[in-house]
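Each chain, written out:
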Amino acid sequence: MTTDAARCDVLVVGSGGAGMSAAIAARDVGASVIVVTKSALGASNTGRAQGGIQAALGADDSTEDHFADTLAAGHDDGDPALVRTLVEGGPDAIDWLASIGVPFTRDDGDLRIIRCGGARRPRLLQAGERTGAEMVQAMRAAVRGSGAVVRESTALEDLQPMDGGWCAVTRGKDGAAAEIHARTVVLAAGGGLGGEAARIGAKSTNHPDATPEVLELALALGAEGRDLDSWQRHPTGAIWPPGLAGYALPETTRSYGATLHDVSGERFVDELAPRDVVADAIIRIVDDGRGAAAPDGTMGAWLDTTAIDRDNGPGFTADRLAYVHNRYLKQGVDITKERVLVYPVLHYRNGGLIIDVSGHTTLEGLYAAGEITGGVHGTNRLMGNSLLDTVVFGRIAGTAAAREALA
Ligand SMILES: Cc1cc2nc3c(=O)[nH]c(=O)nc-3n(C[C@H](O)[C@H](O)[C@H](O)COP(=O)(O)OP(=O)(O)OC[C@H]3O[C@@H](n4cnc5c(N)ncnc54)[C@H](O)[C@@H]3O)c2cc1C
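Residues numbered from 1 in each chain as written. Predicted model: local features only at pLDDT ≥ 70, side-chain atom pairs only at ≥ 80, totals over all residues.

**Some thoughts on the sheet that holds strand β20 (residues 373-374)**
Point 1. Strand order across the open sheet formed by three strands is β12-β18-β20, with mixed pairing between neighbours. Among the strands making up the open sheet, the edge pair consists of β12 (225-226) and β20.
Point 2. Examined bridge by bridge, β12 and strand β18 (residues 352-354) share two bridges and lie antiparallel to one another. Bridged to Gly225 within β18 is Leu353. (Pairing = 2+ DSSP bridges. Helix = DSSP H or I, 4+ residues; strand = E, 2+ residues; numbered from the N terminus.)

**Points about the sheet that holds strand β6 (residues 113-114)**
Point 1. Across the sheet, which stays open at both edges, the three strands sit in the order β3-β7-β6 with antiparallel pairing between neighbours. Looking at the sheet topology across the chains shown, the edges are occupied by β3 (53-54) and β6.
Point 2. Pairing between β6 and strand β7 (residues 124-125): two bridges, direction antiparallel. The partner of Ile113 across the bridge, within β7, is Leu125.

**Some thoughts on the pairing of strand β11 (residues 177-187)**
Point 1. Sheet topology note: the strand β1 (residues 6-13)/β11 ladder contains seven bridges and is parallel. Across the sheet, the residue bridging to Val13 is Leu187, located in β11.
Point 2. Taken together, the six bridges between strand β10 (residues 165-172) and β11 define a ladder with antiparallel strand orientation. Bridge pairing in β11 places Trp166 opposite Ala182.
Point 3. Counted along the chain from β10 to the antiparallel partner β11, the turn is four residues long, and its residue Gly175 has a positive phi close to 90°.

**Some remarks on the pairing of strand β2 (residues 33-36)**
Point 1. Residues Val33 and Val35 of β2 are buried on one face, and the alternating residues Ile34 and Val36, pointing to the opposite face, are buried as well.
Point 2. Sheet analysis places β1 next to β2, joined by four bridges and oriented parallel. Of the residues in β2, the one forming a bridge with Val10 is Val33.
Point 3. Once you follow β1 into helix α1 (residues 17-29) and on to β2, the crossover reads as right-handed.
Point 4. Looking at chain direction, β2 and strand β8 (residues 149-151) are connected through three bridges and run parallel. Considered in β8, the bridge of Val36 is made with Arg151. (Buried ≥ 20, exposed ≤ 12 C-beta atoms within 10 Å, placed from the backbone. Right-handed = clockwise from strand over helix to strand, strands pointing away.)

**As for the packing of α1 against helix α5 (residues 131-146)**
Point 1. Relative orientation of the contacting elements α1 and α5 amounts to 30°, with a least axis distance of 9 Å. Helix-helix and strand crossings are classified by hand; for α1 and α5 the assignment is left-handed. Contacts between α1 and α5 pair Gly17, Met20, Ser21, Ala23, Ile24 and Arg27 from the former with Met135, Met139, Arg140, Ala142, Val143 and Ser146 from the latter. (Axes fitted to C-alpha atoms, helices over the stretch in contact; angles between N-to-C directions. Left-handed = near helix turned anticlockwise from the far one by under 90°. Contact = placed C-beta atoms within 7 Å.)

**Looking at the domain arrangement of the protein**
Point 1. When cut into domains, the protein gives domain 1 (2-229 + 350-406) and domain 2 (234-346).
Point 2. Placing the centre of domain 1 and that of domain 2 at their C-alpha centroids yields a distance of 29 Å.
Point 3. Each partner contributes to the interface: domain 1 provides 20 residues, whereas domain 2 provides 21 residues.
Point 4. Considered class by class, the residues forming the side of domain 1 that touches domain 2 number eight nonpolar, eight polar and four charged. (Domains from an automatic or database assignment. Nonpolar A, V, L, I, M, F, W, Y, C, P; charged D, E, K, R; others polar.)

**Side note on the site of the ligand**
Point 1. In the vicinity of the ligand there are 46 residues, among which Gly14, Gly16, Gly51, Gly190 and Gly370 approach most closely.
Point 2. Elements with a minimum of two residues in the shell around the ligand: α1, α5, β9 (154-162), α7 (213-221) and α13 (385-406).
Point 3. Examining the composition of the shell around the ligand, we find that four residues originate from one element, α13, more than from any other.
Point 4. For the shell around the ligand, the per-class residue count stands at 17 nonpolar, 24 polar and five charged. (Near = placed C-beta within 6 Å.)

**Here we look at the environment of Pro235**
Point 1. Position of Pro235 relative to the elements: it lies in strand β13 (residues 231-238).
Point 2. Taking C-alpha positions, Pro235 is 6.4 Å from Tyr343, a pair spaced 108 residues apart along the chain.
Point 3. Apart from residues no more than four positions distant in its own chain, Pro235 is found in contact with Arg275, Val278, Ala279, Ile282 and Pro344.

**Section: helix α9 (residues 275-287)**
Point 1. Look at α9: 18 Å from first C-alpha to last across 13 residues, which is about the 18 Å you get at 1.5 Å a residue.
Point 2. Turning to α9, its buried residues are Arg275, Asp276, Val278, Ala279, Ala281, Ile282, Ile285 and Val286.
Point 3. Considering only its buried residues, α9 is in contact with β13, β14 (259-261), β16 (299-304) and β17 (340-349). (Expected span 1.5 Å × (residues − 1).)

**Remarks on the nonpolar core**
Point 1. Ranked by internal contacts, the top residues of the largest apolar core, which has 83 residues, are Val10, Leu11, Val13, Val185, Val186 and Leu187.
Point 2. Other than its neighbours up to four places away in sequence, Val13 contacts Gly19, Val36, Leu156, Val185, Val186, Leu187, Ala188, Ala189 and Val214.
Point 3. The next biggest cluster of nonpolar side chains, apart from the first, holds 36 residues, and it includes Val278, Ile335, Val342 and Leu346. (Core = buried A, V, L, I, M, F, W, Y, C linked by C-beta atoms within 7 Å.)

**Some thoughts on the packing of α1 against α13**
Point 1. As a packed pair, α1 and α13 sit with axes 7 Å apart at the nearest point and diverge in direction by 35°. Relative to α13, the crossing made by α1 is right-handed.

Set out below in structure tokens:
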């Protein structure tokens, strides 16, 4: 295989927000880039993100507040230098996304910025209701236009250090193996929590490609990890109707006024507390016998989505939460008229590979970005900070990997 191995300066593994940001940045520096990705370019958890992306752009906001909120929500387990890099990179990341065509939602010309759980100020930007899908669409076009070579339906199977870089073995869907020799590698294969959920028989919001083999490969090579077993649950996973089981109602539902209730209608938590607080509260009321039962006996809490139009006026849900509204309507439920049943569902791996502020792992020539890394979110991620993480650290890692490869 060695004789016909493909060669590049930078190999990028994965094509979610982190991988595509890294590939574009590496090409900007002038490196030759190959992207390998398990299925189609952009098929990823990133494309599933609905809620939005955080950046300290509000009139009363500051990167200092964003820094404090991120560290506090992560139980002070985050790496302060990484958190600082994340929040300070926020405004520029939004400018960059807008420059490649992400259509951020505006009200009367100003960016729409709303408050989400765990944030002391409004800080969440949106591109319609499917921010991740809009990001993927814009990034996909930018990757295609960048001159990076994209190998779709190609999974990384093995990675070994070799003289002057790395030798990657990939396998295509047709079963054919191939070698790629790269000076540096950026791992952006996500947290693989979907695979973890399948292993323990839990429901998950993750894309079917979210499997952990790349993370495991890096750890087996000796890269150091942190907080690897710290998983985040999304508090409001749908449990009924069955066709929606595992679907997470975005946090914006609560930002716009949906409230949580036990079986007797009592509220039991601040709906805009950090995710782990809200998820734990739902689990606790169910364990205490205060949960409400779905027709098949599955227990959960009521999310009163009818409060949204009551608070904001008729038509608000259909306008601001059209995607959620329509998903439920297709299953015969009108969330403006009926409350819905929810229970926490596996969502995000908080920990991962240790990186420094350049996205460098603890192994030479090996970089990582996005959900495969740890330290940025401590042991509990704030909603909207992950999409930001993919862009800020994806671009940083792609740039650093390219500079090292070309040095
Ligand atoms: C339903 C849902 C909603 C979300 N909503 C939000 C939100 O509103 N705001 C927010 O900030 N975050 C949100 N998140 C979290 C966020 O979307 C992800 O954490 C983030 O996008 C991860 O990006 P990534 O690039 O690191 O990895 P992913 O987007 O997971 O991409 C990983 C890539 O690696 C590829 N890959 C995996 N294994 C291999 C292999 N062996 N070889 C080659 N390629 C491989 C995959 O095919 C994929 O292309 C949400 C997540 C989900 C699931």
